[in-house]
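Each chain, letter by letter, is given below.
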Amino acid sequence: MNVNIIGSLGEKAACRFLKKNQYKILGRNYRKPYGEIDIIAQHGDTVSFVEVKTRKNEQFGLQCEAVTYTKRRKLIQTAYTYIEENKIDANYSFDIIEVYHDEGKIKSVRHIKNAFGLE
């Protein structure tokens, strides 16, 4: 399967998961020159900036390990821009959602809340 199709599949599964768990989706694929946030969602008084990783298995390590220091810095910088542009006055978190699939069929979804913070 094409990498873009797999990524889109994972993001859709992550959105379904979040909605099922009472999150409101505020945005998807928020892009700035220095980074992108896959999903921006709100649960109660917390806005979550979510990075989605989609894979078949853990052969190359856990998906959360693929969110490197450099990627985290870009996510944080992009989140600050979103907060400023939208005048967000709320708590926020940086989450990772791991989606596992088998030939396009979702096997599992794991939500890691507060996966990282400001460094």
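Basis of the calculations
- Residues numbered from 1 in each chain as written.
- Predicted model: local features only at pLDDT ≥ 70, side-chain atom pairs only at ≥ 80, totals over all residues.
- Heavy atoms only, no water.
- Core = buried A, V, L, I, M, F, W, Y, C linked by side-chain atoms within 4.5 Å.
- Buried < 20%, exposed > 50% of the residue type's maximum accessible area, 1.4 Å probe, protein only.
- Helix = DSSP H or I, 4+ residues; strand = E, 2+ residues; numbered from the N terminus.
- Contact = heavy atoms within 4.5 Å.
- Expected span 1.5 Å × (residues − 1).

1. Side note on the nonpolar core
One finds I37, I40, F49, F94 and F116 to be the most contacted residues of the largest nonpolar core, which totals 15 residues. Within the residue set of this core, elements represented by two or more residues are β2 (35-43), β3 (46-55), α2 (69-85), β4 (91-102) and β5 (105-116). Take this core: its biggest share by element is five residues, from α2. In this structure F116 touches V67, R72, L75, I76 and F94, once residues within four positions along its chain are discounted. Membership of the second largest hydrophobic core comes to eleven residues, among which are A14, C15, I39 and V52.

2. Side note on the environment of I76
In this structure, I76 sits in helix α2. Taking C-alpha positions, I76 is 8.7 Å from F49, a pair spaced 27 residues apart along the chain.

3. A short note on helix α1 (residues 3-20)
With 18 residues, α1 should cover 26 Å at 1.5 Å per step; its first-to-last C-alpha distance of 26 Å lies within 8% of that length. Inspection of α1 places I6, G10, E11, A13, A14, C15 and L18 among the buried residues, and these make up the whole buried set. Tucked inside the fold, the buried residues of α1 contact β1 (24-32), β2, β3, β4 and β5. Of the residues trailing α1, Q22 is marked for its positive phi of about 70°.

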